[in-house]
Structures are given as structure tokens and as C-alpha cells.
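# Descriptive analysis of the structure
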Amino acid sequence: MSAQDILFIGGSGVISAASVQRAVAAGHRVVVLNRGRSDERPLPDEVELLQADIHDEDSVRAALGAREFDVVAQFTSFVPAHVRADIERFDGRIGQYLFISSASAYQKPPLRYPITESTPLRNPFSAYARNKIACEDTLVAAYRDRGFPVTIVRPSHTYDRTSMPTLAGWNDVARMREGRPVVVHGDGTTPWTITHTTDFAVGFVGLFGRRDVQGDTFHITGDHAPTWNQIYTWLGEAAGVEPDLVHVSSDAIAAIRPSLADDLHGDRSFPMVFDNTRIRRIVPEFEPRVPFWTGAEEIIAYHDATPSRQVVDVDLDRDLDRMVESVRG
């Protein structure tokens, strides 16, 4: 594929930063539009940075002017109004619009496995997922009505070294190292696909400039689907301890900590295993390589070296103790 002019909207997040790096390495000319540089995930020197708030039309107009792009990769649209603004802004000025949706949008609970791109979209538990579905509906209508060149991409749980995929984040690691019990939802045996961001980037950047994917949808996930017990155990091993796992029902967790309800009932409580045949057919080099036991070592090493990441939420910790007590008494 020849070099393309690429605009990333976002570009410094967990998913987008690795895709920016992959696009630069592939020889594309990359422009990133966001609100400023990230010290945590710095942009490659080759990237042109434009500073603007994508949801402020005046600042976007000032930053972009009349520039045109082969590809726009949109990582920061979460409600239909955001994508409607993009449709008006970019229609006729770009060759391809890649929208980052979410695998959270898939039917919950799923009725068949593995999940494919044709799995129905319905998630009554998560407002985030419902908004992503509404964004997709808006973009599909624009493709059908006016030929807007959208391709929809649905990542699942994607992480980098800054991410802590457990329910309570750093609190869990701190508790492990103190020899205190750690809460795992359900019985811990639910398989959960977890994808390293560098693996996602291979599939994502491989879609750039593909005219044959307009109007189409792809999820891009790893093939690695460990259980939650394994995820917590591998993090513990990376942290140098054997964790004491306490299994608490999602309903009991949500009753004590209501802010966790959407995440549990809308995602984590269900097995999530995907069929990646479609993305492999278009991007043959997509072959996920990072298992989570390796990712766990990367996560712990980064957090151990970054004091600002070692923050214990005292209120959450108190609620975790209540969850443990609800089971162990």
C-alpha cells in the first residue's frame, strides 16, 4: 500500500498511540489532532501535531482549514452528535473514515459463540455501548444515503503498559502485595479476550486506504481469552506474589459499589470470545503475538517505575473489604 495522508483524531490514548506509531513505521504521513502532547505516550517525531478540541468546531476549523486527507481515524466520538459533526466536516474531503466503536455493543448476553461481526448489537446494561450503537447507526445511514466512506472498527478490551485491567486497578495489586484478599467477579472462570494495543494496531493500520472496506465493519481483537482467574493470577505473578482470590457475584459487587454495575453487567460478566476471520482476510499480517502473561509483566514494571500510578483509592478499598466480608464473613 502506498503512503497515505492520515489524520488521527485522538492519537495519544491506549489504543490510538500504538496505531500512530504503526502508521508512521508503515511510511504514512501522519497528522494528529488532539488537545495537546502526552508525556505518557509521546508522539513519534515524524508526526505533525495540530492542537484543537474536536468537539469545538471553531478550533477544529482553525486547525484543519481546508486540508484533505486520504484517511481519518476517529477515536474520540462517543455520541451521535459527534459523528454527525464529522460527516458534515469531512464529507467529500476524505477517502476513508475509520470509526472506533466498541465490542461492548454486541448483544448481551450473547446467544452464540464465537462472536462475529454479524452478532446483533444490543446492550441494555451500558449507556456507553448504546451510544456507540447509535453512532454506528448514524454512520451507516450516511454511507447508504450519501456514500460517506465509513469503516467501523470494534475493539474489545485493549490495553498497554499503563492499563490495569482488573476491577479495582492498582488497589488490587496493592492488596495482593499486602497479602490481603482480592475480589474477582463471578466464579472467575469466564473467558475474556484481552488484546495488546500493538496487536490491535497491525489490524487497524492494515485497513488504511482499502476502498473495498467502505460500509463494512470489523472487530479487531486478540485470540487470547484467559479466564479472569488467570488474569489476576498472572498479574500477581508479575508483582511477585500469589494472590488470594475471593469470588463475589456481580450483583453483590454492584450493590456495594453501584459505579461498577454498568461495566460488570454490560461487559465483564459475560464470556467474550471472537472470530477474527474477517480482519485476517483483509489484513493477512494480523497475527496477535502478545499473551497476557507477557502483558502483565509489562504493566507491573511500568506501574512500579511510575509513582503517580501507585494511587490507592481508600473508599474503593473499604468497599472491597465489604465485598470480601459478604462472602467470608
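Owing to the predicted nature of the structure, the values given are computational and were not obtained by experimental measurement.

### Describing the packing of helix 5 (residues 170-177) against helix 11 (residues 292-304)
Contact geometry for helix 5 and helix 11: axes closest at 12 Å, N-to-C directions at 85°. Put simply, helix 5 runs roughly perpendicular to helix 11. Note on element contacts: helix 11 touches helix 5 through Ile300, His303 and Asp304, opposite Trp170, Val173 and Arg177.

### Digging into the environment of Phe292
Structurally, Phe292 can be placed in helix 11. You can call Phe292 buried: its relative accessible area is 0%. Distance from Phe292 to Pro44, taken between C-alpha atoms, is 26 Å for residues 248 residues apart in sequence. Setting aside residues no more than four positions away along its own chain, Phe292 makes contact with Tyr159, Pro165, Ile194, His224, Ile231, Trp234, Leu235 and Ile299.

### A few points about the side chain of Gln96
With respect to the secondary-structure elements, Gln96 resides in strand 5 (residues 94-100). Its relative accessible area of 2% is what places Gln96 among the buried residues. One polar contact links the side chain of Gln96 to the main-chain carbonyl oxygen of Leu207, over a distance of 3.1 Å. Those residues in contact with Gln96, other than ones at most four positions away along the chain, are Asp70, Val71, Val72, Pro149, Thr151, Leu207, Phe208, Gly209, Arg210 and Val213.

Basis of the calculations
Residues numbered from 1 in each chain as written. Predicted model: local features only at pLDDT ≥ 70, side-chain atom pairs only at ≥ 80, totals over all residues. Heavy atoms only, no water. Axes fitted to C-alpha atoms, helices over the stretch in contact; angles between N-to-C directions. Helix = DSSP H or I, 4+ residues; strand = E, 2+ residues; numbered from the N terminus. Parallel < 35°, antiparallel > 145°, perpendicular 65-115°, else oblique. Contact = heavy atoms within 4.5 Å. Buried < 20%, exposed > 50% of the residue type's maximum accessible area, 1.4 Å probe, protein only. Polar contact = N/O pair within 3.5 Å; in protein donor to acceptor, adjacent residues only side chain to side chain.

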